[in-house]
Amino acid sequence: MASSSSRTSVFDSVLEHLDWLMTTFELLEYAGKFDAPWAWYGQLDDLTDNVRVLTPFVLYVTNCRRKQKMCWEHDLEEKGNTKSDSLRLSIILSKIQGLPAESADLAYIQSGASNLSDIKTKLTRFEENIRLFFETEIRPSCIISLLHHCSLGDPRLVTNLIDSVLENLDWLTLRIHTYDNALRFVMMTLEAKLSFLKSFICFATAQGVVGNQLIDLLIHAEVVAVKAARLVSICWFKRNSKRVCNEMESQISGLIRKEIDPVHPQVRETYIHVLTASKLSRSSHTSVLEKNKHLLANFIDRLLYNVMELLEHFPSFSVLVKDQMLILHEGVRFLRNLFGQQQEEFDGLHDQMKDLIGFVACDAGIVILSLSPTEMIEGLAKETDLALFHLVKVLKFIMAEFAQIYPPPSFCFPWTNELGCFDFLLESLQEQSNSEADSIDFPKDHIHRVQEDLIFLRSLLENIVGQRNQNVKLQALWNRGMEVAYKAKLLINSIVSGDKPECLDTLAGDIELMRTEALGICDCLSHGTDAQRGTNNSPHTSSKLRTPALNEAPVGLDEAVKTIINRLTKGSKQLDIVSIVGMAGLGKTTLANTVYHHMHLSVCPHFHIHAWCTVSQTYSKHNLLSQILCSIHRSSPDKYLNKDEDDLAEELRRVLLRNRYLIILDDLWDIEAWNLLEKSFPNDANGSRILLTSRIHSLPLQLKHASEPYHLRQLTDKESWALLQNKLFGKKGCPPTLNEVGFQIAKNCKGLPLTIVLVAGILATTEQDCWKEVAETLSSSTIVETEQCKRTLELSYGNLPGHLKPCLLYFGAFPEDEDVPVRTLIWLWTSEGFLQKTEGKSLEDVVDEYLTDLVQRSLVMVIRQRSIGGAKACRIHDLIHEFCVEKAKEESFLQISHREIDLITLTGPHNLHRLRIYNTEPRKLKKSKVFFPNLRSLLFFAKLKAVYYLPTGVLLFKLLGVLDLGGFIFNYEFPMEVVLLVHLRYLAISSIRSVPSEIANLSRLETFLVTATGRNVGLPTTIWNIQTLRHLYITSGPCGFHFPADNLAGSPDLKHLETLSLAIDSSSQSLQTILIKLPSIRRLKCAPLKDYSSSRNWILVLDGLSRLESLKVISLAPLEIKFPPYLKKLTLSHTDMLWSEISTIGQLPSLEVLKLRYNAFDGEKWEMKAGEFLNLRFLELSELDLRSWTATSDSFSRLEKLVVQSCWKLEEVPSCLGECSTLEMIELKWCRESAVTSVKQIQQEQMDVGNEGLRVILENNRF
C-alpha cells in the first residue's frame, strides 16, 4: 500500500500561502498599518475554497502518475499504451503544477519582498487560472478519459481519495447558504454513501480480502469518488445558478441510485462478491474481530443506514416482513453497539460466539445489500427470503445469548393510563366514523365492528379494575386486555397512515376469545366477595387533604430561618456565601425559599437586589445568567435568548455593582457552576450575600468567601407529627382515635419532610381504619432515609387513580427544576389523550381538577398562580422528578435521552411511545439510527440554535401525535417534512416566517405553537381546512398569525378554535371577515402587522365574539375597541388610549382582571366614576404616566389584588381601598415614597377593621 504521504497534494503549499496572507491582513489591520476592504477577505475565502474543491483531482492525478511510474518498466511489454497513458497524466499534472507556480507571487509576498498594493492583481490572476483549469479539465469528457486510462488500484489510495471528497462535502453543505434544502439533503446523502464505500473497503481489507477479490470494488469506488468530486466542484463553482443547482441535485441523485446503491445488478454483485470473500478468507476469526472492532463498528453502522432507508417504506411491508425487519434493525444496531460502545462486553464473550458474530456481520451485509424496497413490498425472491429468515433467526439467538450474560432492562407495553387508552382510541374511531369519505382501507362497517368490540372490552376491564390485584386470573385477563387495546390503537393508526388492514380479523378474534374467557372467569366470581377496603383511588374520589397555600410557612424550620437570616444580614461587610447543605427531601429549597421571601417582601428590605437561580445537574452559563437577570428585572427569558453569555455576565456585574444584593443559587452540584458565575458577583464590601443549597456537604468548602455551611437537620418525631397533622387537618387538629397510629406513621418517615407530605397525600385518600396498614408498610428500619422517601413515592404513585398516573409521569419529560406552564400542560395532556372529558366542564376545568388532586397529594407544587386563583405554573421536587423519569422508563411510558450517545446506545423494543431528547439536533436522531414505528410523542429540548433541515429520519415515526421541535431554527422556514406526519395533534416549532399550504395535510392538528419568533407568521388559505384546530398561539412578543382575508366565501369556519394570536392591519373590514369565521374564540391576542404603517386609528370591533373571555392587545395605537359582552380578562399595552375612554371598560359587567401596561393610556389623571368595575378582582398598573388617581367608596367593590409597578409619577393610591372588604394583596414596586405612604395608611385601615391577613409587598420604592 502507499504511504500516508500520498495524501499530500501539490496544492498544500498554495493553501498555506493563502492562510498566511489572511493572517497577515488581520494582524496588520489590528495594528492599524493596513485597512483591508471586506471584499478582500471574501476573495481570499473564496479562493481558498476554490483550491480546496479541486484538491481531490490533484490528489487523484498525482497518485495515478506516481503509481504508473512505479510500474512502467514492469508493464511496458504487457501494456502497449502505458506510455501514452502516462503522457496524458503528465500533461494534466503539469497544468496542476502550473497553478502553484502561478501562485509563486503569493510565496514571494510571504517572504516580505512584495508591495501590498500588488496583492489584488496577483490574487485575481491566480483566481482566473483556477477557474480556467476547472472549465477545461473538469469537463465530462476529460473525466471519462481520465477514468478510462487511470487507476489507483490500492485500498489506501482509494480511501484517501474518498476522504478528500468527504472533506469537501462536509464544509460545502455548511459553507453555501444559497442551496435549497433538497440539494443540501442530497449532498448529505452522498456523504453517507461515500462513507459506506470507504468503510466497506476498510472492512474487506481487514478481513483479508486482497488482489482480484477486491479489485472490482476498488475500481468501482474510485470511479464513484471521481464523479462525485466533479459534481461537488460544479456545485461550488456554479453555486449562484439555480438552474445548475437543480441539475446537480438530479445528477447526484442519479449517481447514488445507479452507481452506489445496490440497485443495479452489477453493483450488487460487486458488493456481495467481496462480502462472500470476506466471510471465507479469514484464517483466524476471533483475532481479526478483536483487532479491528472499530472498522467493523463503522461498517455495520453504514449498513444500518441502508436498513433505515428500507424502513422508510415500512408501512407498505407485509406483516411477516415487518416483524423480520424490526428484528433485523434491532440486531444490526446491537452489533454496531457491541463493536462500538460495548467493546468490553464483546471481549467477555467466548471465542465461539465471537466467531459466530463475525460470520453474521458478513451475512448481514449480504442480506441487507440484497434487499430492495420494491421486492419487499411486492414479495421477496425465495433465496433472499430464506437468507433474511436465517439471518433474523441467528440474530435473535445471539441477542438472547448476550442477554443471558448481560441482562437488559425489561420492557413492556405502556401500562400507564390504562382505561384512558380506550377512551382516546374510541374517540379516534368516532372521528374516523364521522368523516364524509368511506375509506377503502378502513370501511365504516369495520370501524363500527371494532368500536363495539372495544366498548365491550373496556366495560369488562372497568368492572374488574378494583379486584385485579387480588386475583391472578383477573390480573392476567387485564394484562391481555390492555395488550389488545394497545395493538388495536397501533393498528388503527397504521391503517390511517396507509398501512394494510390485514390484522383486523386477527384483532376481532383476540377480542372474541377474551369475551369467552372473561365470561367464564366472571361466572366463577359471581358470588363475589366483600368490597375491598383501604385505598380509594377511583377517578371520582375527592381528596380530603388540605390544599397548601403558596409559600406556606414550613413546620420545624423556625430556628433555621432565624439562623440563616442572621447570617445574611449580620457579620462581615465582605461578600459572603451562606450554604445550606443536607440530603434530598430534607427541605433545603423550602428553607431558602422561606428566607428569600422574608427578605424580598420585607417592608424595609435589607438588600437592594434579590434574585433566584435554580442550577441543578444540567446547566449552562447562558441559562444561569439569564435566570438571574430575569429574576432581577422581572422580565421574560426571551429577552436574553440571542445575547452572548459574556455580554450577559458583564450586564449582571453592572447591575449588581454598588448595590447590596442577595442571590440564591439553589441545588448546586459542583464547583464549575460557581466558577461560571463568580466574576459577575462584585465585592463592594457592602454586605452582599450568596445563599446556596446543595446535597454535597463538601462543596461549600471549595468556595472562596464561604462561611461555615449550615447543615439542615432532620425533623424530630414531634416535629414530624406536627407537620403531618398540619398537612392533613390544618388548624382542626387530629381526631384522638388517630393520634397513636398517626404519630407512629410520622415517626416512620425518619424526619424527612418530603416523605411526610407524600405520606399525607396517601392518608388523605385512605380510610382511617386502614392507617395501620400504611404504618406497617413504612415501618422497615433497614432502609436509609432517601430510599425511604423513594419507597414512599412508590406507595404514593400506586395510590393514584389511573387517570392521574400518566399526568404525573409526564412531568418527567420536562427539565428538572423547571417551571411548567399550566397552559402547556393542558395542550399536551389533551393531545396525549390523558384528559377524561366531562359533561359541562371545559378542558381547563378538568386540568385544574387533576392538578389540584396532584397538589393535594403533595406530588406537584404550584409555583405561580393566575391573577384570580388557579395554577399558572407548577413543578415537582427533584426527587419526585427522578422517580418519574425512572418509573416512566420502567413502564415504557417515556424514554429520555440527555446526550447523543444516549440515542446511539438506546436499546429496547420497537414499541416505545414517547421520547424526550435534550440538547441533541434532529439530524443526530437520524444518525443514531433508532427506529420506533409506534412512537407517538417526540419532544426536543434545546435553547435557540440554527439547524438547516429536519432530517427525513423523523418521517420514520409516522404515527407521531405530538412533536415539539424545541428551540431549533430551520433557517426561519417551516420544515416541510412535518406536513407528512398526518397524525399530529400538537406541533411546537421556533422562529418561522410563514406556514406552507401543505399544512392542511395535518387534518387532526389541534395545537400549533410557535415560540421565540420575534415576527408575525403568515398563514395559507388552506388553514381554514383544518377543522380540528383549537389553539394557534405565538408565545413571545407583539406577534401573531396573519390570516389570509381574501376570497373566504367558500372556506369553512374554524368552529373549534379557542386560542389565537392574531396579527392585523388597520382595516376593520378585513378583521371582521376573519373574526366572523372564528365563532368559538375564548382567548385572543392582537398585534399589528410588522410591515404595516398607517396614520389611521386602530379600530377593533369585537362585540360579536360572544364567547371571548380573555383579550390582550399590544402595540395598536391609538386604539378604539368595541368590547365583547362577556369579557373577563383584559390586557392593554402600548395602546395610547385616553383616560376618558376607560369608562367603557369599567362598564363591562363580567370583567374580573384588568392589566394596563406600558402606555396603555395617555395622560396623568384617572378619575373613576361610580358604578364602574363592579366585578373587578385584579388590577395591574405598570409603566404608566399616571400622576393622579381618584376613586369613590363604591369603586372596586370586589377587588382582591392590586399591583402597581414603575408608575414613577403616581402620588398616591386611592384611600377608599381602605374600605374594600375583599382586598387580599397590594404590591407596590418602583414608585414614589408618597405612594408607599398611602399604601401603608390603607394597610392600617384594613387592620383596624380586622383584615390582618392583607399582604403588602413594597419593593425598590426610592423615588
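The present account deals with the structure reproduced in this document. Remember, it's a predicted structure, so these values are computed and weren't measured experimentally.

Reading the values: rules and limits
Residues numbered from 1 in each chain as written. Predicted model: local features only at pLDDT ≥ 70, side-chain atom pairs only at ≥ 80, totals over all residues. Heavy atoms only, no water. Pairing = 2+ DSSP bridges. Helix = DSSP H or I, 4+ residues; strand = E, 2+ residues; numbered from the N terminus. Buried < 20%, exposed > 50% of the residue type's maximum accessible area, 1.4 Å probe, protein only. Core = buried A, V, L, I, M, F, W, Y, C linked by side-chain atoms within 4.5 Å. Contact = heavy atoms within 4.5 Å. Phe/Tyr/Trp six-rings, centres within 6.5 Å; stacked < 30°, edge-to-face > 60°. Lys NZ or Arg CZ within 6 Å of the ring centre and 35° of its normal. Axes fitted to C-alpha atoms, helices over the stretch in contact; angles between N-to-C directions. Parallel < 35°, antiparallel > 145°, perpendicular 65-115°, else oblique. Left-handed = near helix turned anticlockwise from the far one by under 90°. Polar contact = N/O pair within 3.5 Å; in protein donor to acceptor, adjacent residues only side chain to side chain. Expected span 1.5 Å × (residues − 1). Salt bridge = Lys/Arg side-chain N within 4 Å of Asp/Glu carboxyl O.

Things to note about the sheet that holds strand β6 (residues 820–821)
Moving on, step 1. The strand order across the open sheet formed by 3 strands is β6-β8-β7, and the pairing between neighbours is antiparallel. Single-partner strands in this sheet number two, and they are β6 and β7 (861–865).
Moving on, step 2. With 4 bridges joining them, β7 and strand β8 (residues 871–875) adopt antiparallel strand pairing. Note that in β8 the partner of Q865 across the bridge is A871.

Topic: the pairing of strand β11 (residues 937–941)
Moving on, step 1. Counting buried residues in β11 gives 4 out of 5 residues, a clear majority hidden from the surface.
Moving on, step 2. Two strands pair when backbone bridges link them, and strand β10 (residues 914–918) and β11 are joined in this way by 5 bridges, in the parallel orientation. For I917, the partnering residue across the bridge sits in β11 and is F940.
Moving on, step 3. Pairing of β11 with strand β13 (residues 962–964), which is carried by 3 bridges, proceeds in the parallel orientation. Of the residues in β13, the one forming a bridge with L939 is D964.

Details of the nonpolar core
Moving on, step 1. In this structure, L194 and M325 are the most contacted members of the largest nonpolar core, which totals 117 residues.
Moving on, step 2. Considering each element in turn, this core owes the most residues, 15 residues, to helix α9 (residues 212–237).
Moving on, step 3. In this view, M325 contacts V307, L310, L311, F317, L371 and M376; residues no more than four positions away in its chain are not counted.
Moving on, step 4. Counting residues in each nonpolar core, the second largest holds 109 residues, with L960, L1071, L1199 and L1210 among its members.

Some points on the packing of aromatic side chains
Two descriptors summarise a pair of aromatic rings, namely the distance from one centre to the other and the angle between the planes of the rings.
Moving on, step 1. Within the structure shown, the criterion is met by 29 aromatic pairs.
Moving on, step 2. Taking the centre distance of 5.4 Å and the plane angle of 75 degrees together, the rings of W171 and W236 count as edge-to-face. Of this pair, W171 sits in helix α7 (residues 155–175) while W236 sits in helix α9, and the two are 65 residues apart along the sequence.
Moving on, step 3. Judged by its relative accessible area of 12%, W171 is buried.
Moving on, step 4. Residue classification places W236 among the buried positions, given a relative accessible area of 1%.
Moving on, step 5. Within the aromatic cluster, the residues linked to one another by ring pairs are W1139, F1161, W1166, F1173, W1189 and F1196.
Moving on, step 6. Of note, R239 hangs over the ring of W236, and the distance from its end group to the ring centre comes to 3.7 Å.
Moving on, step 7. For K1077, the ring lying beneath its charged end belongs to W1024, and the centroid distance is 5.8 Å.

Quick look at the pairing of strand β27 (residues 1153–1157)
Moving on, step 1. Most of β27 sits out of view: 4 of its 5 residues are buried.
Moving on, step 2. With 5 bridges joining them, strand β25 (residues 1129–1133) and β27 adopt parallel strand pairing. In the strand pairing of β27, K1129 is matched with V1153.
Moving on, step 3. Relative to strand β30 (residues 1178–1182), β27 runs parallel, the two being bridged by 5 bridges. Within β30, the position partnered with V1153 by the bridge is F1178.

Here we look at the packing of helix α23 (residues 558–569) against helix α24 (residues 588–600)
Moving on, step 1. At a closest axis distance of 10 Å, the pairing of α23 and α24 adopts a crossing angle of 55 degrees. Considered as vectors, α23 and α24 are oriented oblique to each other. You can see that α23 and α24 cross each other, and the crossing is right-handed. Contact residues: A560, V561, I564, I565, L568 and T569 in α23; L591, T594, V595, H598 and M599 in α24.

Some thoughts on the sheet that holds strand β5 (residues 710–711)
Moving on, step 1. Pairing within the open sheet is parallel, and its 5 strands lie in the order β2-β3-β4-β1-β5. Each end of this open sheet is capped by a strand with a single partner; those strands are β2 (609–614) and β5.
Moving on, step 2. Here 4 bridges tie strand β3 (residues 661–666) to strand β4 (residues 689–694), and the two strands are oriented parallel to one another. Opposite I663, over in β4, you have I690 as the bridge partner.
Moving on, step 3. Strands in contact with α24 are β1 (576–581), β2, β3, β4 and β5; relative to β2, the strand with the most contacts, it is inclined by about 160 degrees.

Here's the deal with the packing of helix α34 (residues 822–832) against helix α35 (residues 843–856)
Moving on, step 1. At a minimum axis distance of 10 Å, the contact between α34 and α35 shows a crossing angle of 105 degrees. For the element pair α34 / α35, the angle class is roughly perpendicular. Contact residues: α34 offers V822, L825, I826, W829 and T830, while α35 offers L843, E844, V847, Y850, L851 and L854.

Comments concerning the side chain of S1143
Moving on, step 1. Tracing the backbone shows S1143 in helix α40 (residues 1142–1146).
Moving on, step 2. A polar atom in the side chain of S1143 sits 2.7 Å from the side chain of E1172.
Moving on, step 3. In contact with S1143, other than residues within four places in its own chain, are K1169 and E1172.

Here we look at helix α14 (residues 319–339)
Moving on, step 1. For α14, built from 21 residues, the straight-helix expectation of 30 Å at 1.5 Å per residue is met to within 8% by its first-to-last C-alpha distance of 31 Å.
Moving on, step 2. Burial of α14 is extensive: 16 of the 21 residues sit out of reach of the surface.

Focus on the pattern of salt bridges
Moving on, step 1. All told, the structure shown has 36 salt bridges when counted by the stated rule.
Moving on, step 2. The partner of E650 in a salt bridge is R653, with the nearest N and O atoms 3.0 Å apart. Of the two residues, E650 and R653 are both situated in helix α26 (residues 645–656); the distance of 3 residues between them amounts to about one turn of the helix.
Moving on, step 3. Overall, E650 belongs to the partly exposed group, its relative accessible area being 31%.
Moving on, step 4. Residue R1083 pairs with E1058 through a salt bridge whose shortest N-O separation is 3.6 Å. On the criterion of sequence distance, the pair formed by R1083 in strand β21 (residues 1083–1088) and E1058 in the loop between β19 (1041–1042) and β20 (1059–1064) is long-range, its members being 25 residues apart. Accessibility classification places R1083 together with E1058 in one group, the buried group.

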